[in-house]
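# Structural overview
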Amino acid sequence: MSTLNYKHLRYFWMVAKTGSIARAAEQLHLTPHSISGQLSEFADSLGVELFRRVGRKLELTDTGRRIVSYAEAIFNTGDELLELVRDQAFATTSYRVGCADSVSKLIAVDLVEPALRLKDPVKLICREGRLDSLIADLAVHRLDLVVADRPIPGHFSVRAYNHLLGESPMTAFCTEALAATFDQPFPACLHNAPMLLPGEDFAIHQRLLRWLERCDVHPRVVGEFDDSAMIQAFGRSGAGVFFAPSVIAAQVSSQYGLVALGEVESVVEQVYAITTERRMSHPATVAISRLARDKLFARGDGRGEGAGGREGND
């Protein structure tokens, strides 16, 4: 035998899996006679016995069982190959975005939504997680874009680029019931008030603490959260005052039924698109940048004019 006949190997494998020639013939859409003849040719070419008859049943010989294990590996590998090819073919129509936990979900949705309205449709794949994990995926091209609240940290040796999409001051929110307990104007009303702060992974964490210190306001911090959605969920439950970007103030108030206590203009949250492209060229990335510049972060007072700026990080 000079080469292995893979067609005969598959017929043999199917008979071994189904337990009979008749059932294998059904699976392969062939006649039992044809399967039986091919099995005989395969056994003759190998020079071994593959099955033995026990009554009306076929049982694998020891050699047959060893060949089945190889056949399993061969055909499972073939299935993996087909899956890989399908994935690669589909990858050209997929757009994969990673959103850092620290970015407001309302902002992320508004930013990424234009990717669903391109002239040439793409399948949007969104991942959420810590920035370091998302940057690692970007570096090996598992992601096309990372949305973050800061540039790539300096300790990352990743060839990627920071594109500033825009920035927004922060607004303090709480439930109407909690707001009714305050007898001082903003920000003095925050003194001794229950507060929900973003975790240390948020770029604005220290900025908010410094602002509170400058205002000589000392709230009761009842919780710190590493996910923006969790902060808003606890704030909606009445657990405390929290901060969100002013560009989504109307959405936060209407969707969650919350009261805006006041804006903190000196505490600014920035939003970056991090890509492996020095100049953004993917149609979805360009659409996201355009929406950020022209709509989401466009303000009459000039804020958001930095949208689209870039800082290299090699």
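Our structure's up above, just so we're on the same page.
What comes next is a walk through the structure.

Rules used throughout
Residues numbered from 1 in each chain as written. Predicted model: local features only at pLDDT ≥ 70, side-chain atom pairs only at ≥ 80, totals over all residues. Heavy atoms only, no water. Helix = DSSP H or I, 4+ residues; strand = E, 2+ residues; numbered from the N terminus. Rg over C-alpha atoms; globule rule 2.2 N^0.38 Å. Buried < 20%, exposed > 50% of the residue type's maximum accessible area, 1.4 Å probe, protein only. Contact = heavy atoms within 4.5 Å. Lys, Arg positive; Asp, Glu negative; His and termini not counted. Charge placed at Lys NZ, Arg CZ, Asp CG, Glu CD. Salt bridge = Lys/Arg side-chain N within 4 Å of Asp/Glu carboxyl O. Pairing = 2+ DSSP bridges. Right-handed = clockwise from strand over helix to strand, strands pointing away. Core = buried A, V, L, I, M, F, W, Y, C linked by side-chain atoms within 4.5 Å. Phe/Tyr/Trp six-rings, centres within 6.5 Å; stacked < 30°, edge-to-face > 60°. Axes fitted to C-alpha atoms, helices over the stretch in contact; angles between N-to-C directions. Parallel < 35°, antiparallel > 145°, perpendicular 65-115°, else oblique. Left-handed = near helix turned anticlockwise from the far one by under 90°. Nonpolar A, V, L, I, M, F, W, Y, C, P; charged D, E, K, R; others polar.

## Points about the overall build of the protein
Helix and strand counts for the protein stand at 11 helices and 11 strands. A compact globule built from 314 residues should have a C-alpha radius of gyration of about 20 Å, whereas the protein, at 31 Å, is more than 25% larger. For the protein, the spread of C-alpha atoms along the three principal axes comes to 95 × 40 × 35 Å. Across the 314 residues of the protein, 45% fall into the buried class. Contacts spanning at least 24 positions in sequence make up 76% of the contacts within the protein whose residues lie at least 6 apart. Of the side chains in the protein, 34 bear a positive and 39 a negative charge, and the two mean positions are spaced by 7 Å.

## Let's talk about the side chain of E269
Positionally, E269 belongs in strand β10 (residues 259–275). An unpaired buried charge is present at E269: no salt bridge exists, and R207, the closest side chain of opposite charge, is 6.8 Å distant. With residues near it in sequence (within four places) discarded, E269 still touches S102, I107, G166, E167, S168, M170, I204, R207 and P245.

## Observations regarding the pairing of strand β4 (residues 123–129)
Examined bridge by bridge, strand β3 (residues 94–100) and β4 share 7 bridges and lie parallel to one another. Following the sheet pairing, C99 is matched in β4 by E128. Note that the unit made of β3, helix α5 (residues 105–112) and β4 has a crossover that is right-handed.

## Thoughts on the environment of P187
Its place among the elements puts P187 in the loop between α7 (176–179) and β7 (194–198). Using a relative accessible area of 24% as the deciding quantity, one classes P187 as partly exposed. In the structure, P187 is positioned 65 residues away from V252 in sequence and 19 Å away in space, judged by C-alpha atoms. Setting aside chain neighbours within four positions, we find P187 in contact with W211, C215 and V217.

## So, the nonpolar core
If you look at the biggest cluster of nonpolar residues, it comprises 72 residues, and the most contacted ones within it are L111 and I274. Per-element accounting of this core gives the leading share, 7 residues, to strand β6 (residues 160–174). With near-sequence residues (within four places) excluded, I274 lies in contact with L131, I135, L138, L145, V146, A148, R150, P151, I152, A160, Y161 and N162. Core analysis: the second largest hydrophobic core is formed by 21 residues, L9, F51, L60 and V68 among them.

## Comments concerning the pattern of salt bridges
Going through the model one piece at a time under the given rule, you end up with 10 salt bridges. Across the pair R117 and E113 runs a salt bridge whose closest N-O atoms are separated by 2.8 Å. For R117, a relative accessible area of 53% gives the class exposed. Judged by relative accessible area, E113 falls into the partly exposed class, the value being 31%. Between D201 and R130 there is a salt bridge, and its shortest N-O distance comes to 2.7 Å. Residue D201 is found in the loop between β7 and α8 (205–214), and its partner R130 is found in the loop between β4 and α6 (131–139); the two are separated by 71 residues along the sequence. Owing to a relative accessible area of 33%, D201 belongs among the partly exposed residues under this scheme. Within the structure, one salt-bridge network assembled from shared partners comprises K105, E128 and D227.

## With respect to the packing of aromatic side chains
As enumerated under the stated definition, the model contains 7 aromatic pairs in all. Ring centres 5.8 Å apart and planes at 25 degrees place the aromatic pair F173 and F242 in the stacked group. Placement of F173 in strand β6 and of F242 in strand β9 (residues 242–245) is noted, with a sequence separation of 69 residues between them. Considered together, F173 and F242 belong to a single accessibility category, that of buried residues. Relative to W211, the ring of F186 has its centre 6.0 Å away and its plane inclined at 25 degrees; by these criteria the two rings are stacked. With a gap of 25 residues between them, F186 in the loop between α7 and β7 and W211 in helix α8 connect regions that are remote in the sequence. Overall, F186 belongs to the partly exposed group, its relative accessible area being 23%. Connected via pairs of aromatic rings, a cluster forms that spans F12, F42 and F51.

## Some points on the packing of helix α1 (residues 6–18) against helix α3 (residues 32–46)
Between two packed helices, both the angle of their axes relative to each other and the distance between the axes serve to describe the pair. Packing of α1 against α3 brings their axes to within 9 Å, and their N-to-C directions diverge by 115 degrees. In terms of orientation, α1 lies roughly perpendicular with respect to α3. Taken as a pair, α1 and α3 cross one another with a handedness that is left-handed. Contacts between α1 and α3 pair K7, H8, L9, Y11, F12 and V15 from the former with I35, Q38, L39, E41 and F42 from the latter. Its residues placed into classes, the contact of α1 with α3 shows 7 nonpolar, 2 polar and 2 charged.

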